[in-house]
Each structure stands twice: as C-alpha cells, then as structure tokens.
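# Report on the structure
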Amino acid sequence: MITLLDYGAGNVRSVVNALEALGEKVKLVKTPEDILSAEKLIFPGVGNFSSLISTLHEKNFFEPLKRYLLEDRPFLGICLGLQALFEYSEEAPGIKGLGIFKGYIKRFDTTLSIPHIGWNGIKPQKSSRLFDGLTGEEKFYFVHSYHVETEEADIILCTTDYGYEFVSAIEKGNIIATQFHPEKSGQVGLKILKNFLEANKSAVKPKFIPSKTKLAKRIVACLDVRTNDDGDLVVTKGDQYDVREKGQVRNLGKPVELARRYYTEGADEITFLNITGFRDFPLKDLPMLEVLRLTSKNVFVPLTIGGGIRDFTDRDGNFYSALEVASEYFRSGADKISIGSDAVLIVEEYLHTGKATGKSSIETISKVYGTQAVVISIDPRRVYVDSPEKTKHPVIETSIPGPNGERYCWFQCTIKGGREGRDIDAVTLAKVCEKLGAGEILLNSIDRDGTNLGFDLELIQAVKEAVSIPVIASSGAGSPEHFYEVFTKTEVEAALAAGIFHRQEVSIEEVKRYLKERGIEIRPIFKEELL
Ligand code: 1PR
C-alpha cells in the first residue's frame, strides 16, 4: 500500500494512475495520522511554494510530515515535493520550508525560456536503486521555474543542465526526491517509480553519463475533438479550421485510442482541443472529461486540454468560474489547460483599462496550479496591408505576399474557433498573457492549418521573440522536414501536428529519426519492454 500526500491543490491523478498501472494500491492522506502510519509516502507537489506550505500547516500535515522525514522513513518527493524539503524558497520570501536539508530554492537565472518545460537528461552523481535498468540516455519530464541550491553535496543524486547545472534529484537514506516528474516521463518514468517501490534493489550507476544534458525539442500530437452529427465524440481535423467535408464532420478516429497510439509511438505530449468548447460548456460536456480520465490511465506523458475554459453562467443562473472548469479538467487527468477565446477577451479588457483584475481565468488558474499549467492557444490569421502605416497593429515585412501583392501583414487573433476576428494581434496577445501568468503559448495559424505547407515561420518568429515563455509551433506540418525547419529557423521549444499523424502520412517515429539524424535533440523512444 502506497500513501499519497495530496495537499489539495495539485493534480495527483497522474501519480495515482502511474502507481495503479504498476499494480499498486494507493491510499490518499486524509488525516495527519495517515502520514505517520504510512509504509511508503509519495509527495507530489504542484503549484506554488507558499500555497503548498500554508496548506500543509492548515491541514496539520506539516509537523507529522517533518517527523516522518526525520525518522528517515521511505519517501519520494516529486517537483515541489522535493523543494519543500529545503529551508526556504525565493518563490515565497519569509516562508519556511520543512528544512530537512540545508539549502534553498532559487529561481532559474538564465536567458533561456522559463519555466524549464520538457524532456531533459540526468547526470547521476552516485549509485542508486533508482537507476536500475537505465542506460543513462533517458530523458525525463521537467516543468519548473525554481531549483534546489544546496551545499550538502552528499545528498545530490543527479544533476541536469539548463543554462547551467542544477540539482535534479536527491537521495539520503530512505528519502528520495526528484525535480522531474516520473509519472509523466513515459516508460522510463514508470521504471523509476518501480525502482523506488522495490527497496531491496541494489544501488547502481548507469553506464553512460552525459557530459552535458540537453533539453529535447518536443513533438506534440494534437487531437481536435468534437461531437459529430451522430452524437459520437470523434477526433476531427480542419482545413483552415473547416472540419466539415461534404457537409459531414470529418471523423479521423476515437480520441482515447488515438491518444494511446501516439503515446506508444513516442509523442512527447498530447493535446486535446475541445473545438466546440466555446458553445458547449465543458462541465456539462461529460464525455470530454471521460476521455481525459480514460486517457490518463495509460498515457504517461503530459496531457493538455483546451476548449471552453472561461467563467460561465448556465440557464438557471448558476455561476461556474473558469478555475472550477480547469479544476475539473485537472482532476480528470489534465496536466495543463489551454485557453483560447477567453484569453483574447481578457487581453482586450486589459488593454482597455490598463489593469490586471486578478480575476481572469489566466490569473486565477496560474495562481493555484502554477504558470506552467496555463497554456494560451492563439488562433491567428494573416491580415495583409500595403504599408505599415495602414494599421495600428505591429506588422512584419513578409516573404509571402498577400493576394494583391501586399508586402506587410499583421496576425489577427480570432475567437470561437476562427469564426470571429478581433482587433488585436497575436504578438501583443502573447506578451500580455505572459504578464498575466501564462506559462506557454500554443501558436496555431488558420492560414496554415491542415494545408501541409509547413509552419508559418514568420508568425512563429515574431511571437517567439516577444515572449520568454516556451512556444509550441502549430499548423501546417506536412513532412519531417517541416519540423527540422521550424526547429532550426526559429527558437521554438516544441512543434505540434495533427493531420499528418491522424492520416498516417508520417509517423512520430519518422519525425524523430529525421531530426536526430540532423543533430536536433529529441527524446529517445523507449518501448514497453523496459518494465
Ligand atoms: O476558444 O478556449 O474554447 O478553445 C477552443 C480551442 O479549439 C482553441 O484552442 C482553438 O485553437 C481550437 N479550435 C477551435 N476550432 C477549431 C477548428 O479547427 N475548427 N482547432 C480549433 C484548432 C488547430 C490545431 C491543429 C493544428 C495542427 N486547430 O489544433 O491541430 O492547426 O493541424 P495540422 O497539423 O493538421 O495542420 P476556446
């Protein structure tokens, strides 16, 4: 029996699913006594250091947890569950951590995108049972803006490079904690969890230890989901956002099955977009929540879900906040949520008043779940002009002239799945969303969607240069070369595709092989047999 410390704010669903997939029974901590009576305790932390520590105090978990750790009993901390073990964090000045180890939590001091999101390697510093069966070439899923700084060299289990070298896991006695998320690190992550659970394994060090680890470029598979005219939930695909062919909604497969297939084929992340979310309220659209629940049971890479995340009042006058909608998605297995239409309306309001309200979906969700959990999905369309003076929006000089030979364009944001253009451009939108607490940008292009012509590099470069959070390039991928092009000609951290994968024109494996042969860092695909 594994005891899981759920302090209420984080998404523990993924950890429960991973442990259950390993055949374990999981008990959630309900009372302080549950901590003290645990045989093995797992503490997955998500969100913010301050809210984590204050919740531990409010629930009277702080002291029992400290006692459990001081007694050196079997413990695995994950992400914030590692950071809480130290004295304090720059994220929450004046707030004391558990102080089991000497050191503090420091914000990344690098010019690279923050949060550090994605798959990176590890450099083992000592032997551990955690490394049993690993070659040393594996990559694990990280998502964090802060890291451990400690002078207790003997506790450092492994380090990772991101701008500079930082501590990515610690081990002392029975206490182990990782900055990365084993529960979201595919088969190699499950192997790490399994090794933690098997306490009698002997300590080993992998054969290969990289001199420097590198963050992989992520390949994201995207599933646009909606109900078709027969009432079935299907994966569909638009052609410049038009998902109908001869009047019927295109049906490219079943969401849960397709997501599982992409996971086994090596997708680094899976995104579901509930494309009619703007009109079907998600808390009433239960099939979508069910898709998430079922997918997260056997897909162990990050899952993002978008569609309909906004405040909502139903016909009976009941109010549901965007935070409630997002929380339901997180409880059902999402690791990140993506906000489309609502982000445009929030930024319009912000530009109008010049003030953040603190009440928008972006602010409220990032405050509770952390910035890394909030993705902004932008649906821009090119608007061509003869000269920069013809618009108040920032323009680019384009190498793809408009229909009348125009040499300039701006990128107009749309809402409701491209149905309505607004008076705001994608670059401004991305910048304001970053300021309000978004952790990542999913950058679509209506002009390129479903065309197989390649990504809109000009759009991507314009947005990427404007923000310091990671950007996922989307729309238009038609071949492995297009991925190579977007990773070499722009600085994006990830590239997303839908159509080519659904229609099986190109596999994720082929894309990764192509990139690897040309020197692009990717996450190696490890198959089931590892377990
Ligand atoms: O506005 O918060 O309710 O969210 C709705 C979400 O649904 C938005 O993220 C929006 O992008 C998405 N969406 C709405 N309508 C459509 C549509 O296609 N009619 N899909 C839609 C957006 C873009 C990508 C697509 C890539 C890659 N689709 O998801 O997967 O363009 O495609 P490709 O590789 O085949 O070119 P809200």
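Residues numbered from 1 in each chain as written. Predicted model: local features only at pLDDT ≥ 70, side-chain atom pairs only at ≥ 80, totals over all residues. Heavy atoms only, no water.

## Let's talk about the nonpolar core
Most often, soluble globular proteins have nonpolar side chains that are buried together. Stated precisely, the cut-off is as follows: Definition used in this section: a nonpolar core is a set of buried Ala, Val, Leu, Ile, Met, Phe, Trp, Tyr and Cys residues joined via side-chain atoms within 4.5 Å. Working definition: with a 1.4 Å probe on protein chains only, accessible area under 20% of the residue-type maximum means buried, over 50% means exposed, and in between means partly exposed. Helix and strand labels come from DSSP, where a helix needs a run of H or I of at least four residues and a strand needs a run of E of at least two; each type is numbered from the N terminus. Where each domain starts and ends comes from a domain assignment, either automatic or drawn from a database. Pairs of residues are marked as contacts when any of their non-hydrogen atoms sit within 4.5 Å.
One finds Ile270, Phe272, Ile376 and Phe483 to be the most contacted residues of the largest nonpolar core, which totals 124 residues. Ranked by residues supplied to this core, first place goes to helix H12 (residues 426-436) with seven residues. Two domains share this core, each providing at least three of its residues, namely domain 1 (2-197) and domain 2 (218-375 + 415-530). Here Ile376 is in contact with Ile339, Ala343, Ile362, Leu429, Cys433, Ala438, Glu440, Ile441 and Leu442, once residues within four sequence places are set aside. Ranked by size, the runner-up nonpolar core spans 35 residues in total, among them Leu85, Ala92, Ile105 and Ile156.

## Remarks on the layout of surface pockets
Let me state the cut-off plainly: A pocket, in this scheme, is an open set of points on a 1 Å grid over the protein atoms alone with protein on both sides within 12 Å along at least 5 of 7 lines, while a cavity is a set where a 1.4 Å probe fits but cannot get out; residues line either one if an atom lies within 4 Å of a point. Grid points are joined across faces, edges and corners, and a volume is the space filled by probe spheres set on the points. Residue polarity follows a fixed list, in which Ala, Val, Leu, Ile, Met, Phe, Trp, Tyr, Cys and Pro are nonpolar, Asp, Glu, Lys and Arg are charged, and the others, Gly among them, are polar.
By volume, the largest pocket amounts to about 800 Å³. In terms of lining residues, the largest pocket is bounded by 46 residues, among which Tyr241, Leu273, Ile275, Asp379 and Gly417 are the most central. Within the residue set of the lining of the largest pocket, elements represented by two or more residues are strand E14 (218-227), strand E18 (269-274), strand E22 (336-339), helix H10 (341-353), strand E30 (494-497) and helix H15 (499-502). Residue classes in the lining of the largest pocket are distributed as 15 nonpolar, 19 polar and twelve charged. Empty space within the second largest pocket amounts to approximately 660 Å³. Taken together, 40 residues form the lining of the second largest pocket, with Gly47, Tyr369, Gly370, Thr371 and Gln372 sitting closest to its centre. Those elements giving two or more residues to the lining of the second largest pocket turn out to be strand E3 (41-45), helix H5 (80-83), strand E9 (140-144), helix H11 (361-369) and H12. Shared between two domains, the lining of the second largest pocket holds at least three residues of each, these being domain 1 (2-197) and domain 2 (218-375 + 415-530).

## Some words on the packing of aromatic side chains
Keep this limit in mind: In this scheme Phe, Tyr and Trp rings, the latter by its six-membered ring, pair at centre separations within 6.5 Å, and the angle between planes marks the pair as stacked below 30 degrees, edge-to-face above 60, and tilted otherwise.
Counted according to the given criterion, the structure contains 16 aromatic pairs. Taking 5.8 Å as the distance between ring centres and 45° as the angle between the ring planes, the aromatic pair formed by Phe86 and Phe101 counts as tilted. Of this pair, Phe86 sits in the loop between H5 and strand E5 (88-89) while Phe101 sits in the loop between E5 and strand E6 (104-107), and the two are 15 residues apart along the sequence. Across the pair, Phe101 and Phe86 agree in class, each one buried. Ring geometry for Tyr484 and Tyr514: centres 6.3 Å apart, planes at 80°, overall edge-to-face.

## Some remarks on the UniProt feature "active site" (unreviewed entry) in the protein chain
Where we set the bar: UniProt positions are given in the numbering used here, feature names are shortened, and annotations may be inferred rather than shown by experiment.
Feature annotation in UniProt assigns "active site" (unreviewed entry) to the following positions: Cys79, His181 and Glu183. The greatest C-alpha distance among the residues just named is 11.1 Å, despite their covering 105 residues of sequence, which places them together in space. Cross-referencing the annotated residues with the second largest pocket identifies Cys79, His181 and Glu183 as lining it. Discounting chain neighbours no more than four positions away, the residues touching His181 are Ile78, Cys79, Tyr141 and Val143. Setting aside chain neighbours within four positions, we find Glu183 in contact with Ser14, Val15, Ala18, Ile78, Leu193 and Phe300.

## Digging into the environment of Asp449
Mapped onto the elements of the fold, Asp449 is located in the loop between strand E28 (440-443) and helix H13 (457-466). Looking at Asp449, the relative accessible area reads 7%, which means it is buried. In this view, Asp449 contacts Lys237, Gly238, Asp239, Gln240, Tyr241, Ser475 and Gly476; residues no more than four positions away in its chain are not counted.

## A short note on the pattern of salt bridges
Inclusion rule: For this document, the term salt bridge refers to a Lys or Arg side-chain nitrogen within 4 Å of an Asp or Glu carboxyl oxygen.
Applying the stated rule across the entire model yields 35 salt bridges. With a closest N to O distance of 3.2 Å, Glu265 and Arg261 form a salt bridge. In this pair, Glu265 and Arg261 both sit in helix H7 (residues 255-265), four residues apart, roughly one turn of the helix. Exposure remark for Glu265: the relative accessible area of 21% places this residue in the partly exposed category. Salt bridges linked by common partners bring Asp132, Lys191, Glu198 and Lys201 together as one network.

## Some details on the site of the ligand
Short version of the rule: Near residues are defined by distance, with any heavy atom within 4 Å of the molecule or strand qualifying the residue. Polar contacts, as counted here, are pairs of nitrogen or oxygen atoms within 3.5 Å of one another; within protein the pair requires one atom able to donate a hydrogen and one able to accept it, and residues that are adjacent in sequence qualify only if both atoms are side-chain atoms. Calculation of accessible area relied on Shrake-Rupley with a 1.4 Å probe; when residues are assessed, cover is drawn exclusively from the protein chains displayed. Whether a molecule sits in a cavity or pocket is decided by its atoms, more than half of which must lie within 2 Å of the grid points.
As a structural note, the neighbourhood of the ligand is formed by 26 residues, with Ser341, Ser377, Asp379, Asp449 and Ser475 the closest of them. Gly450 has a polar backbone atom sitting 2.9 Å from an oxygen atom of the ligand. At 2.6 Å, a side-chain N or O of Ser475 approaches an oxygen atom of the ligand. Protein burial of the ligand: of its 770 Å² of free accessible surface, 99% is covered by the chains. When atoms are counted within 2 Å of each cavity's grid points, the one that captures over half of the ligand is the largest pocket.

## Some thoughts on the side chain of Glu183
Using the following cut-off: Positive charges are assigned to Lys and Arg, negative charges to Asp and Glu, while His and the chain termini are left out of the count.
In this structure, Glu183 sits in the loop between strand E13 (175-178) and helix H6 (186-197). One buried charged residue, Glu183, remains without a salt bridge, the closest side chain of opposite sign being Lys184 at 7.1 Å. Within the local environment of Glu183, its side chain forms a polar contact with the side chain of His181, the two groups lying 2.8 Å apart.

## What to know about the packing of H10 against H12
To be explicit about the condition: Note on definitions: angles span 0 to 180 degrees between N-to-C directions of axes, and those axes are lines fitted to C-alpha atoms, for helices only across the stretch in contact. Oblique is the label for any angle not under 35 degrees, not over 145, and not in the 65 to 115 range, which are roughly parallel, roughly antiparallel and roughly perpendicular in turn.
For the pair H10 and H12, interaxial distance at closest approach is 10 Å and the crossing angle is 85°. By the criterion of interaxial angle, the relationship of H10 to H12 is roughly perpendicular. For the pair formed by H10 and H12, the contact residues are Ala343, Val344, Ile346, Val347, Tyr350 and Leu351 on the first element and Thr428, Leu429, Val432, Cys433, Lys435 and Leu436 on the second. Taken together, the residues of the contact of H10 with H12 break down into ten nonpolar, one polar and one charged.

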